[in-house]
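This is what each chain is made of:
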Amino acid sequence: MTDPVREHRRADWFELFFDLVFVVMVAVLAHGLHGDPGWRDFGTFLVLFFPAWWAWVNLMLSVNLFGSESTWNRITLVVAMPGLGLMAAASPEGLGERAWVFALGAAWVRVAIFALWWPQVGKARWELPAWRPITYCLVPAAVWTVSAFVPGSARFVLWGLAVGIEVLLLSIGTGQSRQTYSLVSAEHLIERIGLFIVIVLGESVFAVVTGLSEHFTGSSATAALGSFIVVALLAVTFFRWSTPSAERGFAAAQAQDARSNMREAVMYFPFLLISSITMLAAALGTAVAEPDHHLPAGSVAGLVGGIAGYYAISGLIAQRLGESWHSLLRWLPAGLLLPLIVLIPAGLLLPGWAATLSAGAVVLALFISSKLTKPRVSPPGLVAEG
């Protein structure tokens, strides 16, 4: 009999419906980075976005393992959506007067994750002890709930504790965790992360088009053209090369029981990749809205950091999934240095429309370079880890 989890299954419509709430989350958080964001704004974005990402990736992995076809799992996904909606709605003041709502939303999602895992306790296939979902899901849910009623900075200490418990449990290698990692569907997992990145790229397109609709001038159109070139080429690069390589690399890591490689490449580094694209989206939206002025320093940071961060994190993911450093050195240094060398002066000295055209030229040069070098994953370079 064929194991349904090990089949080459793909995301179904129900999972795509579930992702709609993240369209709102990304849009709300990206809005706070428009204009001239400071370090506090970037920090607030990262602090609020990581719990949302963490909730999504845990739900995604749960569905990857258990499927979304059963009535119970579909009901659980629907029940989780209002919790994520609360987190999104609270995000504009997520570190202020709405922090308690954000915390309750995070607790809500963890109860939903528990509802997916608890029915698997006692089944021989998963070797899942009862303490694991209780400690991983209900204990952090309780910490998040308590934090909603704790004033001041102590609340955020509890947030860190709640996430830290989950990260620690993931890092502990056991026979049960080995069994779970071996049953993950690599194809489904990479597709789901790719679809999440589509959501974030969609925020870039949305910011550019709405900016152009509100400032319908020739210079705004030029800025929009440069922005579209940037987004389109990053998307092509990701889906043409990164996605197939990641799928092969993850399958190789899975075969070699390289669990830390899989965790980092799926749960941690994509957060930074998506954050980079979101910061870039906000900078491009600002350039289209104010095309005749120099970009504010915060938008320059988003433009440069977004593009350089995209290539830096892509390189880290590729390395964790088996690409050799020799192969990385053929394209990664250019991805880091060219945005710094070209776009910092362009962003600070040129009007917004010229800065976006410069960004388009930089990404086009990197695209041509990546097409010529054709980096490939080398799975034998992986080292099995717990």
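These numbers were taken from a predicted model, which means no experiment stands behind them. (Residues numbered from 1 in each chain as written. Predicted model: local features only at pLDDT ≥ 70, side-chain atom pairs only at ≥ 80, totals over all residues. Heavy atoms only, no water.)

1. Brief notes about the overall build of the protein
Part 1 of the argument: A count of helical and extended segments in the protein gives 15 helices and zero strands.
Part 2 of the argument: Radius of gyration (C-alpha) of the protein: 21 Å, near the 21 Å computed for a compact globule of 386 residues.
Part 3 of the argument: Its C-alpha atoms give the protein principal-axis dimensions of roughly 65 × 50 × 35 Å.
Part 4 of the argument: In the protein, which comprises 386 residues, the proportion classed as buried is 54%.
Part 5 of the argument: Long-range pairs, those at least 24 residues apart, make up 82% of the contacts in the protein between residues at least 6 apart in sequence.
Part 6 of the argument: As presented, the protein carries roughly 15,600 Å² of accessible surface, and 71% of it is formed by carbon and sulfur atoms.
Part 7 of the argument: Of note, the protein has its 22 positive side-chain charges centred 8 Å away from the centre of its 23 negative side-chain charges. (Helix = DSSP H or I, 4+ residues; strand = E, 2+ residues; numbered from the N terminus. Rg over C-alpha atoms; globule rule 2.2 N^0.38 Å. Buried < 20%, exposed > 50% of the residue type's maximum accessible area, 1.4 Å probe, protein only. Contact = heavy atoms within 4.5 Å. Areas by Shrake-Rupley, 256 points an atom, 1.4 Å probe, with all protein chains shown as cover. Lys, Arg positive; Asp, Glu negative; His and termini not counted. Charge placed at Lys NZ, Arg CZ, Asp CG, Glu CD.)

2. Looking at the packing of helix H7 (residues 154-171) against helix H11 (residues 259-289)
Part 1 of the argument: Where H7 meets H11, the axes come as close as 12 Å, and the angle between the chain directions of the two elements is 160°. By the angle between their axes, H7 is roughly antiparallel relative to H11. Seen along the crossing, H7 lies across H11 with a hand that is right-handed. Packed against H7, whose contacting residues are Val167, Leu170 and Ser171, the element H11 presents Arg263, Met267 and Tyr268 at the interface.
Part 2 of the argument: Here the residues of the contact of H7 with H11 are counted per class, giving four nonpolar, one polar and one charged. (Axes fitted to C-alpha atoms, helices over the stretch in contact; angles between N-to-C directions. Parallel < 35°, antiparallel > 145°, perpendicular 65-115°, else oblique. Left-handed = near helix turned anticlockwise from the far one by under 90°. Nonpolar A, V, L, I, M, F, W, Y, C, P; charged D, E, K, R; others polar.)

3. Some words on the packing of helix H2 (residues 20-31) against helix H9 (residues 186-214)
Part 1 of the argument: Interaxial distance between H2 and H9 falls to 10 Å at its minimum, and their mutual angle equals 45°. Compared by their axis directions, H2 and H9 come out oblique. Note that H2 runs across H9; the crossing there is right-handed. Residues Phe22, Val23, Val26, Ala27 and Ala30 of H2 touch H9, and the partners they reach there are Phe196, Ile199, Val200 and Glu203.

4. Overview of the packing of aromatic side chains
Part 1 of the argument: By the definition in use, this model includes 19 aromatic pairs.
Part 2 of the argument: With a centroid separation of 5.7 Å and 35° between ring planes, the pair formed by phenylalanine 49 and phenylalanine 271 is classed as tilted. Here the residue phenylalanine 49 occupies a position in helix H3 (residues 39-66), and phenylalanine 271 occupies one in helix H11, the gap between them amounting to 222 residues.
Part 3 of the argument: Accessibility expressed as a relative area gives 1% for phenylalanine 49, which makes it buried.
Part 4 of the argument: Consider the rings of phenylalanine 50 and phenylalanine 271, whose centres lie 4.9 Å apart with planes at 85°: the pair is edge-to-face. Of this pair, phenylalanine 50 sits in helix H3 while phenylalanine 271 sits in helix H11, and the two are 221 residues apart along the sequence.
Part 5 of the argument: Connected via pairs of aromatic rings, a cluster forms that spans Phe45, Phe49, Phe50, Trp54, Tyr268 and Phe271. (Phe/Tyr/Trp six-rings, centres within 6.5 Å; stacked < 30°, edge-to-face > 60°.)

5. Structural notes on the pattern of salt bridges
Part 1 of the argument: Taken as a whole and judged by the stated rule, the model has four salt bridges.
Part 2 of the argument: The salt bridge partner of glutamate 15 is arginine 192, with a shortest N-O separation of 3.1 Å. Here glutamate 15 is found in helix H1 (residues 13-18), whereas its partner arginine 192 is found in helix H9, with 177 residues between them in sequence. Each member of the pair, glutamate 15 as well as arginine 192, is classed as buried.
Part 3 of the argument: Two residues, arginine 320 and glutamate 264, come together in a salt bridge whose shortest N-O distance is 2.5 Å. Taken as a pair, arginine 320 in helix H12 (residues 297-320) and glutamate 264 in helix H11 lie far apart in primary sequence, 56 residues in all. (Salt bridge = Lys/Arg side-chain N within 4 Å of Asp/Glu carboxyl O.)

6. Observations regarding H2
Part 1 of the argument: Its 12 residues place the ends of H2 17 Å apart at the C-alpha level, agreeing with the 16 Å of an ideal helix rising 1.5 Å per residue.
Part 2 of the argument: Every buried residue of H2 is accounted for by Val21, Phe22, Met25, Val26, Leu29 and Ala30. End-on view of H2: buried residues confined to an arc of 160°, all on one side of the axis.
Part 3 of the argument: Where the residues of H2 are buried, they touch H1, H3, helix H4 (71-90), H9 and H11. (Expected span 1.5 Å × (residues − 1). Arc of directions from axis to C-beta.)

7. Quick word on the environment of arginine 74
Part 1 of the argument: Among the structural elements, arginine 74 can be located in helix H4.
Part 2 of the argument: Sequence separation between arginine 74 and valine 63 is 11 residues, and the spatial gap between their C-alpha atoms is 9.3 Å.
Part 3 of the argument: Those residues in contact with arginine 74 that sit more than four places away from it in its chain are Asp12, Trp13, Phe14, Ser68 and Glu69.

8. Quick word on the confidence of the model for the protein
Part 1 of the argument: Put simply, the protein has an average pLDDT of 86, and 92% of its residues get 70 or more.
Part 2 of the argument: Long-range and interchain partners of residues 1-6, a stretch whose pLDDT sits below 50, account for 14 contacts in this model, where long-range means more than four residues apart. (pLDDT = per-residue confidence, 0-100.)

9. Considerations on the environment of valine 109
Part 1 of the argument: Mapped onto the elements of the fold, valine 109 is located in helix H5 (residues 99-117).
Part 2 of the argument: Judged by its relative accessible area of 0%, valine 109 is buried.
Part 3 of the argument: Residues valine 109 and leucine 77, spaced 32 residues apart in sequence, show a C-alpha to C-alpha distance of 9.3 Å.
Part 4 of the argument: Apart from residues no more than four positions distant in its own chain, valine 109 is found in contact with Ala55, Leu59, Ala80, Gly83, Leu84 and Met87.

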